[in-house]
Amino acid sequence: MYVRSCALVPTLLAGASFGQALKIDLNSHFGVPSASHLPTPHSVEGQWNGVDTFSANDPPVELVGLDGTPSGVFLSMPLSTTAPVAVHATDPVVTGDNLALHDDGFAAGQSPERIRLDGLEDQWYFIMSFGPASIEAPTSITFRANFLSKAFYSYTGGWNAGSSASQWGVNYVSTTLYVEGGWLEIDWKANSATHDGVLSAVQIVPWCYADCTQDGGLDIFDWICFGSEYGAAYYRADCDQNQVLNIFDYICFGNAYAAGCP
């Protein structure tokens, strides 16, 4: 079950030198995950920012990067006139880093809560949003990185005891978005009147656009992937970010492919 707790003063931890890669743990009731914890294939090592309470009445707080140095990125919660409700779960099956990552967070009802990040470099990012692993918490997530580019997902909460605690669509979701104007917003809300919607943690990592398949290498399958997204008129196929899909997006992708990945 979830236990609602009193909000605490913000504690910012963090850490490793990956540009503006960021890891944010919301409500560190069980502590923050270890820097080496890699819950998903796209996770990166580095310390976490621990945020135990925040509201629109508080000034934006500068986060630190994976190496613990100031990132130039500022966190705010513009929809929260009061501190969001801090919740944590109790289930003896989920322990250690998975407990710290998944099972404490901020709750939302059917009206959304929002995290906003300002000061990001304009580029593509791979973004992960984590929810609870111990209980059901049907949650809708909206990622917004410019006024025309959005992605919508949801997770159910919980996990299967025979597998890793981090399961896409169960207790985390992910997307890629192009940040334009330096800001990123993540909204979350409950999918049900009888459950909290819960956001436990967020990870943001710069992403190589040419690696369409997100497998860490560049090959013909990335061209096939891009062609499929173009054919489906998927927002990510708008390589030149002019809100129109045409031959210039193929040229843009070809240039990105030729440039390779860092």
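Above this text you will find the structure in question.
It should be emphasised that the depicted structure is a prediction, and the values quoted were computed from it without experimental measurement.

(A) Layout of the sheet that holds strand 13 (residues 183–190). The six strands are arranged 4-5-8-13-10-11 in an open sheet whose pairing can be described as antiparallel. The strands lining the two open edges of the sheet, one partner per strand, are strand 4 (61–64) and strand 11 (149–155). This sheet shows a mean twist of 25° between the axes of neighbouring strands, independent of strand direction. Where strand 8 (residues 113–118) lies against strand 13, six bridges are found, and the strand directions are antiparallel. In the sheet register, Leu-117 faces strand 13, and the bridge partner there is Leu-184.

(B) Highlighting helix 3 (residues 247–259). With 13 residues, helix 3 extends 19 Å between its outermost C-alpha atoms, agreeing within 8% with the 18 Å of an ideal straight helix rising 1.5 Å per residue. Along helix 3, the positions that sit buried rather than exposed are Asp-249, Phe-253 and Gly-254. One face of helix 3 carries all of its buried residues, which in axial projection span an arc of 140°. Away from the buried face of helix 3 by more than 90 degrees, exposed residues Ile-247, Phe-248, Asn-255, Ala-258 and Ala-259 are located. Tucked inside the fold, the buried residues of helix 3 contact helix 2 (220–231).

Quick notes on the rules
- Residues numbered from 1 in each chain as written.
- Predicted model: local features only at pLDDT ≥ 70, side-chain atom pairs only at ≥ 80, totals over all residues.
- Heavy atoms only, no water.
- Pairing = 2+ DSSP bridges.
- Helix = DSSP H or I, 4+ residues; strand = E, 2+ residues; numbered from the N terminus.
- Axes fitted to C-alpha atoms, helices over the stretch in contact; angles between N-to-C directions.
- Expected span 1.5 Å × (residues − 1).
- Buried < 20%, exposed > 50% of the residue type's maximum accessible area, 1.4 Å probe, protein only.
- Arc of directions from axis to C-beta.
- Contact = heavy atoms within 4.5 Å.

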